[in-house]
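Examination of the molecular architecture
The primary structure of each chain is shown beneath.
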Amino acid sequence: MFRGEDIGIDLGTASVLIYVRGKGIVLKEPSVIAVAQDKKEVKAVGAEAYRMLGRTPGNIVAVRPLKDGVIADYGLTEKMLILFLKKVLSPAARFFKPRVMVGVPSGVTDVERRAVVQAVAEAGVSKVYLIEEPLAAAIGAGINVAEPTGSMVVDIGGGSADIAVISLGGIVRSESLRIAGNEMDQAIIRYIRQKYNLLIGERTAEELKIQLGRAKVLPGEAQERAEIRGRDLITGLPKTVEVTTEDVAEALQEPLEKIVQGVKSVLEATPPELISDIIDRGILLTGGGALLKNLDLALQEATGVPVVVADNPIEAVALGTGKALEMLHVLEDALLSSDRVLRK
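Parameters at a glance
Residues numbered from 1 in each chain as written. Predicted model: local features only at pLDDT ≥ 70, side-chain atom pairs only at ≥ 80, totals over all residues. Heavy atoms only, no water. Pairing = 2+ DSSP bridges. Helix = DSSP H or I, 4+ residues; strand = E, 2+ residues; numbered from the N terminus. Axes fitted to C-alpha atoms, helices over the stretch in contact; angles between N-to-C directions. Contact = heavy atoms within 4.5 Å. Buried < 20%, exposed > 50% of the residue type's maximum accessible area, 1.4 Å probe, protein only. Arc of directions from axis to C-beta. UniProt positions renumbered as here; feature names shortened; annotations may be inferred. Core = buried A, V, L, I, M, F, W, Y, C linked by side-chain atoms within 4.5 Å. Domains from an automatic or database assignment. Salt bridge = Lys/Arg side-chain N within 4 Å of Asp/Glu carboxyl O. Buried area = accessible area lost by both parts, 1.4 Å probe.

Observations regarding the sheet that holds strand 6 (residues 60–63)
Taken together, the three strands give an open sheet; going across it, the order is 5-4-6, and neighbouring strands pair in antiparallel fashion. Of all strands in the sheet, those bounded by a partner on one side alone are strand 5 (42–45) and strand 6. Across this sheet, the average inter-strand angle for adjacent strands is 15°, counted without regard to direction. Against the sheet, helix 2 (residues 74–88) touches strand 4 (33–36), strand 5 and strand 6, its axis set at about 65° to strand 5.

As structure tokens, then:
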């Protein structure tokens, strides 16, 4: 009997990634939707809508409907998901509805889980499963989570940083921080405003983070520079300033310190037997935040535990959600199905 396509979704604050069984990652687009002011007519989604951020006329608004890793605007998230799924589903999906696995932060509430399930279900699927993002990231990075061995994952996305110790197909200890890539962008905006009296937008801050971002500047490391443009807060006129790697590294210290403290907190609460495994295996870094230069070195220095960046950190959660559908028998206790979520 033909079964619908299995689909894994990394429903991130910054990006949505969709995995289809047998095809791999088939969609990777910004979590942005542009709609008319009354929010009824959709103008664009994904990359096209992202280009509109901060540049729309008064009758159109471009927004991120997810915040801190969870749904902030249910209606817009539903519209965005439906359009994304239409791009990737085969014609047969109309008749053989797919099963969908969605990654969610480890600290989501029952209300937030219900919102995710309902938004995905409205897109026309047969069943929705939820999996915590650090567990999905571990599976996507190739860790055998079914083993009675401890593994530690730090998944830093756009809206949340999820820290978890995994063993026997489940999460032993975890902490979800609403501090991640977007908060780093805001930290850069605040720093530039205070030091240079210059107001810049989120896109400029994100580009600075990618181009010059460092968790720490190593001795002898070359100093890079970039010109940025914004509005002078004193004159109100356009202004250009030159920013260095030292500037961006200093700006990022506050959010990074909170993530380091979160990692230490989870390590302190982890059973000694699993700590031994983690020291042997190291801490696995996943998510877009794992690409921040020298983050692995800074985290290793702060914890004394080896740190490894996943081979494909951005796609780890999406790959893991897809693979998790193939190992439901192993993950049964760790997953939440739509039936269980909606009954609560």
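Quick word on the sheet that holds strand 13 (residues 170–177)
Strand pairing in a sheet relies on backbone hydrogen bonds. The paired strands run either parallel or antiparallel. The five strands lie next to each other as 13-12-11-17-18, forming an open sheet whose pairing is mixed. Every other strand in the sheet has two partners, leaving strand 13 and strand 18 (307–309) as the edge strands with one partner each. Strand-to-strand, the axes of this sheet are offset by a mean angle of 20°, without reference to chain direction. With six bridges joining them, strand 11 (residues 151–156) and strand 12 (residues 161–167) adopt antiparallel strand pairing. Residue pairing in the sheet places Ser151 in a bridge with Ile166 of strand 12.

Description of the pairing of strand 4
The pairing of strand 4 with strand 5 spans three bridges and is antiparallel. For Ile33, the partnering residue across the bridge sits in strand 5 and is Val45. Taken together, strand 4 and the strand that follows it, strand 5, pair antiparallel across an intervening segment of five residues, in which Lys39 is found at a positive phi of about 65°. Pairing geometry for strand 4 and strand 6, over four bridges, is antiparallel. Of the residues in strand 6, the one forming a bridge with Ala36 is Ile60.

A look at helix 8 (residues 272–281)
By the burial criterion, the buried members of helix 8 are Leu274, Asp277 and Ile278. One face of helix 8 carries all of its buried residues, which in axial projection span an arc of 100°. Along helix 8, the residues that are exposed and aim more than 90 degrees away from the buried face are Pro272, Glu273 and Asp280. Check the buried side of helix 8 and you find it contacts strand 11, strand 12, strand 13, helix 7 (245–268) and strand 17 (283–286). Looking one or two residues beyond helix 8, the residue adopting positive phi is Gly282, at roughly 90°.

Observations concerning the pairing of strand 13
Pairing of strand 12 with strand 13, which is carried by seven bridges, proceeds in the antiparallel orientation. Note that in strand 13 the partner of Ser167 across the bridge is Gly170. Counting the residues in the hairpin turn of strand 12 and strand 13 gives two residues, including Leu168, whose phi is positive at 50°.

Details of the UniProt feature "binding site: ATP" (unreviewed entry) in the protein
Summarizing the sequence annotation, UniProt attributes the feature "binding site: ATP" (unreviewed entry) to Gly158, Gly159, Ser160, Glu206, Glu207, Leu208, Lys209, Gly288, Gly289, Ala290 and Leu291 in the numbering used throughout. Turning to its location among the elements, Glu206 is positioned in helix 6 (residues 202–212). Those residues in contact with Glu206, other than ones at most four positions away along the chain, are Tyr50, Arg64 and Asp185. Of note, Gly289 is situated in the loop between strand 17 and helix 9 (295–303). Setting aside residues no more than four positions away along its own chain, Gly289 makes contact with Ile156 and Leu295.

Comments concerning the nonpolar core
Within the largest apolar cluster, 45 residues are counted, with the highest numbers of intra-cluster contacts made by Met152, Ile156, Ile188, Ile192, Ile200, Leu208 and Val243. Each of two domains, domain 2 (152–179 + 257–314) and domain 3 (181–251), supplies a minimum of three residues to this core. Within the second largest apolar cluster, 32 residues are counted, among which are Val16, Ile18, Leu66 and Val100.

Some points on the pattern of salt bridges
Tallied over the full model, the rule gives 17 salt bridges. Residues Arg113 and Asp110 are paired through a salt bridge, measuring 2.9 Å at the closest nitrogen-oxygen approach. Remark: Asp110 and Arg113 occur in helix 3 (residues 110–121); sequence separation between them is three residues, near one turn of the helix. Judged by relative accessible area, Arg113 falls into the buried class, the value being 17%. Look at Asp110 and you get partly exposed, because its relative accessible area is 42%. The structure contains a network of salt bridges with shared partners spanning Asp6, Arg21 and Arg99.

Topic: the domain arrangement of the protein
Partitioning the protein into structural domains gives domain 1 (6–136 + 317–342), domain 2 (152–179 + 257–314) and domain 3 (181–251). Spacing between the C-alpha centres of domain 2 and domain 3 amounts to 27 Å. Contacts between the two partners involve 13 residues from domain 2, matched on the other side by 13 residues from domain 3. Interface of domain 2 and domain 3: buried area, both sides summed, is about 1,000 Å²; carbon and sulfur atoms make up 60% of it. Counting the surface domain 2 buries against domain 3, the share from its top three residues, Leu292, Lys293 and Asn294, is 49%. There are one salt bridge connecting domain 2 and domain 3.

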